[in-house]
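Understanding the architecture of this molecule
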Amino acid sequence: MIDLNADLGEGFGRWHLTDDEQLLSVVTSANVACGFHAGDPVTMRRVCELAAERGVRVGAQVSYRDLAGFGRRAMDVPSGELAAEVAYQIGALVVFARAAGTRVSYVKPHGALYNRIVHDPEQAAAVIEGVLLADGSLPVLGLPGSVVLDLAAKAGLPAVPEAFADRAYTDEGTLVPRGLDGAVVTDPEAVVERSLSLARSGTVVALSGARIEVRARSLCLHGDTPGAVELARRVRERLLESGVRVEAFV
């Protein structure tokens, strides 16, 4: 059994990056950009309404305040400030989710923040503080073995490990930085096969060629890659054909 999540609502004003409507017909969980790396109020409201219509779970994708860098630039944000900004982003999405007849069901950090809190206990603790400020029961998505999932569990929040079929892994189970060659897996068939391996055996081949263990409850399909919708459909179809149940983790 596996959940399929995608980053959605990553437009801003007149610019649209993800095909939200089509992806919401495939995924079971939607990570909705909350305005700090992408997204705006109109987009957030629209994605929540579409997700509610399709029975897709809504998650708050929180980020460093970095519209210009799409949330992928390293930043040093004081803990108190980061906690408040995480809570602020979740709170904004709660309004639109409620108005659409659904609710925010989980939190997933984005980009540089996501990678930072794999190892940084101070920033990870600030993220957890922000989640607790907004809602003391929300699950947190993160990399297996990350500091943030450990702190989430200690705080009484459900810690949900996720995997990436279209991102390369190091031998230690972390994501290869995007600036390095091979960091993003672009071959569609390779992405499909990696999805099957992650869902069925909890393993994936790292960039070095070694097979490593990555046990996850949710599988992320990036919505900003070329051909994202068709690729997501292929992944879901192959999972179902292989006897893997595709359903939300909440």
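The structure we're discussing is the one just above.
Structural notes on the overall build of the protein
- What the protein contains, in helices and strands, is eight helices and nine strands.
- Rg of the C-alpha trace for the protein: 17 Å, near the compact-globule value of 18 Å for 250 residues, within the 12% margin.
- Seen along its three principal axes, the alpha-carbon backbone of the protein occupies a region of about 40 × 40 × 35 Å.
- Here the protein holds 250 residues, and the buried ones make up 54% of them.
- Sequence separation of at least 24 residues holds for 71% of the intrachain contacts in the protein that already meet a minimum separation of 6.
- Total accessible area on the protein stands at roughly 10600 Å², and carbon and sulfur atoms take up 53% of it.
- Averaging the positions of the 25 positive and the 32 negative side-chain charges in the protein gives two centres separated by 4 Å.

A few points about the packing of helix H7 (residues 188-201) against helix H8 (residues 228-241)
- For the pair H7 and H8, the least separation of the axes is 9 Å and the interaxial angle reads 40°. Taken together, H7 and H8 sit at an angle that is classed as oblique. You can see that H7 and H8 cross each other, and the crossing is right-handed. Taking contact as the criterion, the partners of Pro-188, Glu-189, Val-191, Val-192, Glu-193, Ser-195, Leu-196 and Ala-199 in H7 are, on H8, Leu-231, Arg-234, Val-235, Arg-238 and Leu-239.
- Looking at the contact of H7 with H8 residue by residue, the class counts come to eight nonpolar, one polar and four charged.

The rules we used
Residues numbered from 1 in each chain as written. Predicted model: local features only at pLDDT ≥ 70, side-chain atom pairs only at ≥ 80, totals over all residues. Heavy atoms only, no water. Helix = DSSP H or I, 4+ residues; strand = E, 2+ residues; numbered from the N terminus. Rg over C-alpha atoms; globule rule 2.2 N^0.38 Å. Buried < 20%, exposed > 50% of the residue type's maximum accessible area, 1.4 Å probe, protein only. Contact = heavy atoms within 4.5 Å. Areas by Shrake-Rupley, 256 points an atom, 1.4 Å probe, with all protein chains shown as cover. Lys, Arg positive; Asp, Glu negative; His and termini not counted. Charge placed at Lys NZ, Arg CZ, Asp CG, Glu CD. Axes fitted to C-alpha atoms, helices over the stretch in contact; angles between N-to-C directions. Parallel < 35°, antiparallel > 145°, perpendicular 65-115°, else oblique. Left-handed = near helix turned anticlockwise from the far one by under 90°. Nonpolar A, V, L, I, M, F, W, Y, C, P; charged D, E, K, R; others polar.

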